[in-house]
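Chain by chain, the residues run as shown.
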Amino acid sequence: MTRHPTHHKKLIEWVEKCSRLCEPDDVVWIDGSAEEKARLEKEGVAGGELIPLNSDKLPGSFLHRTNPNDVARTEHLTYICTREKESAGPNNNWMEPKEAYQKARDIFKGSMKGRTMYVIPFSMGPVGSPFSKIGVEITDSRYVVLNMEIMTRVGAEVLKQLGTEGEFTHCLHSLADLDINRRLILHFPEDNTIWSVGSGYGGNVLLGKKCLSLRIASYQAKKEKWFAEHMLIMGIEDPSGRIRYIAAAFPSACGKTNLALLVPPEGLKKKGYRVWTVGDDIAWMRIDTDGALWAVNPETGFFGVAPGTNSKSNPNMVETIRKNTIYTNVLLKPDGTVWWEGADGEPPTRGIDWQGNPWKPGMIDKDGKPVLGAHPNSRFTTPISQCPSASFRLEQPHGVPISAIIFGGRRQHVAPLVYESFNWQHGVFVGATMASERTAAQYGKQGEVRRDPMAMLPFCGYNMAEYFRHWLDMGKRMKKAPKIFHVNWFRTDEKGKFLWPGYCENLRILEWIVDRCDGKIDAQKCPIGYMPKLENIDFTGLPLAAGTLEKLFRLDKKNWNDDLESIKEFFKQFKKDLPEELWQEYEALKERVSTLK
Ligand code: GTP
Ligand code: SPV
Ligand code: MN
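Residues numbered from 1 in each chain as written. Chains lettered and ligands numbered in written order. Predicted model: local features only at pLDDT ≥ 70, side-chain atom pairs only at ≥ 80, totals over all residues. Heavy atoms only, no water.

Enquirer: Would you take a moment to explain the site of ligand 1 for this structure?
Expert: By nearness alone, 19 residues border ligand 1, and Ala253, Lys256, Thr257, Arg379 and Tyr503 come closest of all. Between an oxygen atom of ligand 1 and a side-chain N or O atom of His230, the distance comes to 3.3 Å. Here Gly255 contributes a backbone N or O atom positioned 3.1 Å from an oxygen atom of ligand 1. Here ligand 1, which alone exposes 660 Å², has 89% of that area covered by the protein. With respect to the pocket detection grid, ligand 1 is positioned in the largest pocket. In terms of residue count, the dominant contributor to the shell around ligand 1 is helix H9 (residues 256-260) (three residues). (Near = heavy atom within 4 Å. Polar contact = N/O pair within 3.5 Å; in protein donor to acceptor, adjacent residues only side chain to side chain. Areas by Shrake-Rupley, 256 points an atom, 1.4 Å probe, with all protein chains shown as cover. 1 Å grid on protein atoms, 1.4 Å probe; cavity = no way out; pocket = protein on both sides within 12 Å on 5 of 7 lines; lining within 4 Å. Sits in = over half its atoms within 2 Å of the grid points. Helix = DSSP H or I, 4+ residues; strand = E, 2+ residues; numbered from the N terminus.)

Enquirer: Where do I start with the nonpolar core in this structure?
Expert: Within soluble globular proteins, side chains that are nonpolar generally end up buried alongside one another. The biggest cluster of nonpolar side chains holds 156 residues, and the ones touching the most others in it are Trp284, Tyr327, Trp471 and Ile513. Ile513 has contacts with Ala404, Ile406, Val418, Phe485 and Val487, leaving out every residue within four places of it along the chain. Judged by nonpolar contacts, the second largest core, of 31 residues, contains Cys81, Phe108, Phe168 and Phe188. (Core = buried A, V, L, I, M, F, W, Y, C linked by side-chain atoms within 4.5 Å. Buried < 20%, exposed > 50% of the residue type's maximum accessible area, 1.4 Å probe, protein only. Contact = heavy atoms within 4.5 Å.)

Enquirer: When you look at the site of ligand 2 in this model, what are you seeing that I'm missing?
Expert: Around ligand 2, the structure places 12 residues, and the nearest of them are Arg73, Tyr201, Gly203, Lys210 and Ser252. Residue Tyr201 places a side-chain N or O atom 3.0 Å away from an oxygen atom belonging to ligand 2. Between ligand 2 and the protein, one listed contact pairs an oxygen atom with a backbone N or O atom of Gly203 at 2.9 Å. Protein contacts shield 98% of the accessible area of ligand 2, which totals 280 Å² for the unbound molecule. Among the cavities detected, the one that contains ligand 2 is the largest pocket. Classifying every residue of the shell around ligand 2 by side-chain character gives four nonpolar, three polar and five charged. (Nonpolar A, V, L, I, M, F, W, Y, C, P; charged D, E, K, R; others polar.)

As structure tokens, then:
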């Protein structure tokens, strides 16, 4: 008979039910203590799923390799299971709940035989904050437990907060046989339940992250009148010491982590600018009693993209991941440290690649392509508290006030470096018509442009037309709605080279955005929105080739007309559910674009 650390009857009954289904050898309730963590790490090493790293250079850190068929979120195996198909909308895969439970039950059945079942009580958001939501994840993966301990608040204090009757999201996960044909990521928003089986990769299995904090939470947020968004949150401290907070939505692997941890370039640092990181992936935002929008990051860790992370692109992250970090699918060096494409220094002369094979620079695969040391979507899991720019307001129960919302994608053409929407409704249209080229963070053809409204296409847990309606309504409820902007760090020249240096230099654009929020400067009214007067952006010390700025801000009539066509096709799939206001914005933009030369 297992002893339970809670008197929550429904929770105990649910754990017992899952245990009867999955048939583990034993059940362990996670308390979040240091001793427990040490024990799990030891067992993980003995079991082969964790490789301990160099204890001098990377203390408390481990490497984990996932199955090579299991290295990114699998959107085609991800479902919203609601009674009515329409509730899921054309933006989601849908399965009837009864059928979904049955299909998954067949895979879960006996899947934990010979294994331990862990029960992880976790809180998304500071324990007890009005923003926060509690979940309990059942899993047979120690890797999941250890990651959840970094990414969320876990254990005894959460059970205490839950009490004997508290609501929680029921999250069930099993690795099962890691067969991609027997992999399902199922969400039952009407039952506050998530079932994930057959995967061991991040976003598919750390159920507090995309599954709860976005898919389930977006559904709850609509009902409860708040926002659950795929956004970073950062504070920009100006020379007077005042901090303005912004939230920004970019699709997966499009620069949220880089921007959130930005270190000001020399000139702006001298002026007195400083950046504070609140979050790099998820924002929960509520209208407070002052009529403004306030945000918390429900997570306590970063699950960041490794390739390209170095002391130039992200010095704060390089500092953060020196200890207590779990690396997934990176290259192991002979000295027990790790490496990835775009890391600091020269590539090692040899190592073990992300699939566990011997690796040397210059190796070519059978298709003539270089063999990668690290998978392009390899990641690290690391505590925010270790980040040099971590905000001192991370634990604030009511979060931080948001002055600006920024949308942005990876566009070689069309979108200029930055523009501002005319008003909230237009801003919602700008977010709803976002597009980006596909990255390695999800399966599918890389580089293909797809529309990804508010960077939420893979994460909105209900009909996106209703989601747009929700965004429009929220604007009306706010007394001081944030201004909405659009940025594009990824515009390229004729040769496909990025025109904008990006990374820390992006602060120059954020300075313009914050100044606009403060009403300090005016701007040019253009067909797509307000664009900067170039003298209002601080380009000091930035060597841009002649003509670059012109190219970064150029509005090409043909490109915009093509984009309008693509927007129309995208909107049409929502049929009569699409809010009329968005069609009005569409027509108005078309009219204005026709005046471009
Ligand atoms: P998820 O964690 O997947 O949600 O993504 P993210 O938005 O946090 O992505 P991240 O910041 O890790 O993006 C990494 C990718 O964006 C890498 O390929 C970087 O090289 C690229 N990147 C980030 N910032 C910039 C920039 O300012 N300019 C350019 N050109 N590339 C950038
Ligand atoms: C993303 O893909 O947007 C991520 C990584 O942040 S995952 O948690 O796997 O979704
Ligand atoms: Mn993300």
